[in-house]
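Structural characterization, general
Chain by chain, the residues:
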Amino acid sequence: MLAALIRKELLALLRDPHGLAALFVMPAAFIVIMSLALQDTYRPATRQLAYAVASADSGEPAQTLLARWRATHGEPVALPADPREALTSGRLGYVLSVTPDFSASVSQLTLPPGVKARLETDPGLAHALFRSLEAELAAAVGELRADAVQERFTGLVTPGANAIARLVGAERASAGARPTAVQQNVPAWLVFGMFFVVTAIASLFVQETRDGTLARLLTLGVPRRVQVLAKALPYLGVNAIQAALMLTVGVWLMPLLGGDRLQLAGIHWPALLLVLAATSGAAIGFALLVACLVRTHAQAAALGASCNLLMAAIGGIMVPVFVMPPAMQAAATWSPMNWALDGFLQVLLRDGDLTAVLPAVARLGAFALVMWLAALLLFRHRTRQA
Amino acid sequence: MLRIEELAHRYAGAAQPALDGVSLTLARGRVLGLLGPNGAGKTTLIAHLAGLLPVRSGRILLDGEPLAAARARAPARITLAPQEYAFYPMLSVRENLSCFAAASRLAGPRREARIAASLAFTQLERFAATRAEHLSGGLKRRLNLAIALLPEPELILLDEPTVGVDPQSRAFLLDAVRALAGAGCGVLYTSHYIEEIEAIADDVAILDHGRILRHAPLAALLAAGPARLALRIAPGHDGLDALLARWGTAQAGRDGEIVLDLRADATPAAVLQALAASGIAPHEIRYGQQDLEQLFMQLTHRSLRDD
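Residues numbered from 1 in each chain as written. Chains lettered and ligands numbered in written order. Predicted model: local features only at pLDDT ≥ 70, side-chain atom pairs only at ≥ 80, totals over all residues. Heavy atoms only, no water.

Considerations on the overall build of chain B
- When its secondary structure is counted, chain B shows 11 helices and 14 strands.
- Along the three orthogonal principal directions, the C-alpha set of chain B runs to about 80 × 45 × 35 Å.
- Across chain B, every contact between residues at least 6 apart in sequence was considered, and the portion connecting residues at least 24 apart equals 68%.
- Of the roughly 13,800 Å² of accessible surface on chain B, a fraction of 52% belongs to carbon and sulfur atoms.
- Side chains of chain B give 32 positive and 33 negative charges; the mean places of these two sets differ by 6 Å. (Helix = DSSP H or I, 4+ residues; strand = E, 2+ residues; numbered from the N terminus. Contact = heavy atoms within 4.5 Å. Areas by Shrake-Rupley, 256 points an atom, 1.4 Å probe, with all protein chains shown as cover. Lys, Arg positive; Asp, Glu negative; His and termini not counted. Charge placed at Lys NZ, Arg CZ, Asp CG, Glu CD.)

Here we look at the sheet that holds strand β12 (residues 248-252) of chain B
Residue and element names in this part refer to chain B.
- Taken together, the four strands give an open sheet; going across it, the order is β12-β13-β11-β14, and neighbouring strands pair in antiparallel fashion. Where the open sheet ends on each side, the last strands, each with one partner, are β12 and β14 (284-288). Taking the axes of each pair of neighbouring strands and ignoring which way they run, one obtains an average angle of 20 degrees across the sheet.
- Two elements, strand β11 (residues 228-232) and strand β13 (residues 258-262), share four bridges in a ladder whose sense is antiparallel. Among the inter-strand pairings, Leu231 is bridged to a residue of β13, identified as Ile258. (Pairing = 2+ DSSP bridges. Axes fitted to C-alpha atoms, helices over the stretch in contact; angles between N-to-C directions.)

Quick word on the packing of helix α10 (residues 197-211) of chain A against helix α14 (residues 297-314) of chain A
Residue and element names in this part refer to chain A.
- Remark: α10 packs on α14, axes separated minimally by 9 Å, with the N-to-C direction vectors making an angle of 160 degrees. As judged from the angle between their axes, α10 and α14 are roughly antiparallel. The handedness of the crossing between α10 and α14 comes out as right-handed. In contact with Val198, Ala202, Ser203, Val206, Gln207 and Arg210 of α10, α14 contributes His297, Ala300, Gly304 and Asn308. (Parallel < 35°, antiparallel > 145°, perpendicular 65-115°, else oblique. Left-handed = near helix turned anticlockwise from the far one by under 90°.)

Observations concerning the interface of chain B and chain A
- Contacts between the two partners involve 32 residues from chain B and, on the opposite side, 26 residues from chain A.
- Between chain B and chain A, a total of about 2,300 Å² is buried, with carbon and sulfur atoms accounting for 60% of that surface.
- Summed over the shared surface of chain B and chain A, the result is one salt bridge.
- For the salt bridge of B:Glu95 with A:Arg15, the shortest nitrogen-to-oxygen distance reads 2.6 Å. (Buried area = accessible area lost by both parts, 1.4 Å probe. Salt bridge = Lys/Arg side-chain N within 4 Å of Asp/Glu carboxyl O.)

A short note on the sheet that holds strand β4 (residues 57-62) of chain B
Residues and elements named next belong to chain B.
- The strand order across the open sheet built from four strands is β2-β1-β4-β5, with neighbouring strands paired in antiparallel fashion. Pairing within the sheet leaves two strands with one partner each, and these edge strands are β2 (19-26) and β5 (65-66).
- Judged from the six bridges that link them, strand β1 (residues 2-9) and β2 form a sheet pairing that is antiparallel. For Ala8, the partnering residue across the bridge sits in β2 and is Asp20.

A look at the pairing of β1(B)
- By the bridge criterion, five bridges tie β1(B) to β4(B) in an arrangement that is antiparallel. The residue bridging B:Arg3 from the neighbouring strand is B:Leu61, located in β4(B).

Considering the pairing of strand β8 (residues 186-190) of chain B
Residues and elements named next belong to chain B.
- Of all five residues that make up β8, five are buried, and the element is covered over most of its length.
- Alternating residues of β8 divide into Gly186, Leu188 and Thr190 and Val187 and Tyr189, and every residue in both groups is buried.
- Note that strand β3 (residues 31-35) and β8 share four bridges and pair parallel. When the bridges of β8 are listed, Leu32 appears paired with Leu188. (Buried < 20%, exposed > 50% of the residue type's maximum accessible area, 1.4 Å probe, protein only.)

Re a nonpolar patch on the surface
Residues and elements named next belong to chain A.
- A grouping of Leu309, Met318, Val319, Phe322 and Val323 is seen on the molecular surface, where their side chains present a nonpolar patch of about 430 Å² in accessible area.
- If you trace the backbone, Val319 turns up in the loop between α14 and α15 (326-332).
- Overall, Val319 belongs to the partly exposed group, its relative accessible area being 40%. (Patch = residues over 30% accessible without salt bridge, like charges linked within 9 Å, V, L, I, M, F, W, Y side chains within 5 Å.)

Geometric descriptors of this kind do not, in isolation, establish any biological role.
Next comes the structure, spelled out in structure tokens:
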């Protein structure tokens, strides 16, 4: 009996192209769009910015500075006749200006007043990029000055360039994949897509209640728990297919579209599967409860979608939690989508194993249990009032 | 044998009971026509019989056993064909039958045999692969019936089974219901089309305000009323009312007709002779017993039911 009812649910889903698109195409499209859109947030493209140089200093320190800048930022474009217009129109990323007395000033023990090397940027340049360029220039000038002062007073010449950069290192504490837009967006929109089964499940409940098939199944003695299970189990499969599809998009499709590749090498697969199972249980439990609460298609669409969007907005799906203010970061911990996302990020970014994902899995499991029980009780209550 | 004894039900917050001491019987092989205006309690009664509402007051017995116990052992002894198209529109006719056959706990060769038998009975074989959403109204009604027949029920509840179908499909469905009863199945048939009840019912129950107003074999119900003479007479005859009052009770019928319920000692010939003697020549005359619609309207009164 259960198998026949599950087959019915699967046929109904397969013959609903709009439902399939909402479950599979929508989250995949979000992954592609958001990963490409946010690519530079995770990997600032300072080296791809078009820039020009304005310099009237032929001294060695100035020439060394410009040569080192070219080595890391590529060749500059010709300085436009109206540099400010080129910057404000966005055709130029920035202009690096070096004053005529730069070379003479840089080795002075007491620095003369005034700015000697200046960056003027596109007004729309992201703040992080702006600060990054500024810091890079400061480091390069600092290194030149240190070398020049050392040579002047000790006669010793530092061999090679960018010695400071070789002294300094910075990396995120992970032996596995580095955080990229793809690495963040695949789990985020996978979680969103998995919770989106709420609309499909709730619509099906409403349809069965309205057209009398629910009454017919009850009359034939189909137990209520079997009816609920028959609706829930196919969506465990749907969630599994969503996960496989979204991971495939991250691994195969994103590199083809010019994005980063989702790195799965070395991750703890049992931990990933456990997070997937817990997320699926929570998503379907939530969907069942909403399905038992609503009475019309309009309610199903409105309540399911708005709850999902709210959980996604609060839970760091749409806006990463790390950019939120502390109060919103605290609020995020109340969203089941945040628990799921945290579990996935533990595995994909922090090399988390079963122990690492346990807190997220436990919260999702408890949420799923409460949702399933509440849904079953509500379903019994409503069908006995028929 | 289905026996309902003093069944009562009041919905939470309702001022009046939906069922108020209903008692009925339905034997296998008979068709019980259930008539009642909107809000009379028909749906509530069917919900009880279908196991969708628990019996809180009164009793429902199936072969002497409480319905709940009988349903717990074999839920599909009574099946329901609701007024709605209670199947899955995106599935084909066969897929629908297969799904509901499994829900009826049919398995293996018996399941296939019952699907084939239901298809054949409702003449849906040609449409077995057609998706239900693409069927005409009449075919959808037949599928609704076919699903109810799958578990070979002893009693079948048909709630408005001919709504929205053409005359051919209606005739087919009525024949099918008679055939079901002929094969030994008990049928509870509700409809607002009173002529359908007259055509197929063995017994009739008239329900209003949750109470059974009449429950008897159809023939007995119709014979219980007075002999009735319906006359169509051109207007302008003084003294007509007084003349007719000598033979019975006259009242206005449909479309200007005069309906005269004859006293026991009156005959139509005597009335017509008296009219002829007064120079009154009716241009249409009908004589017989009251019909079911007249009885129904008389019992439930003519006021509109908006609830």
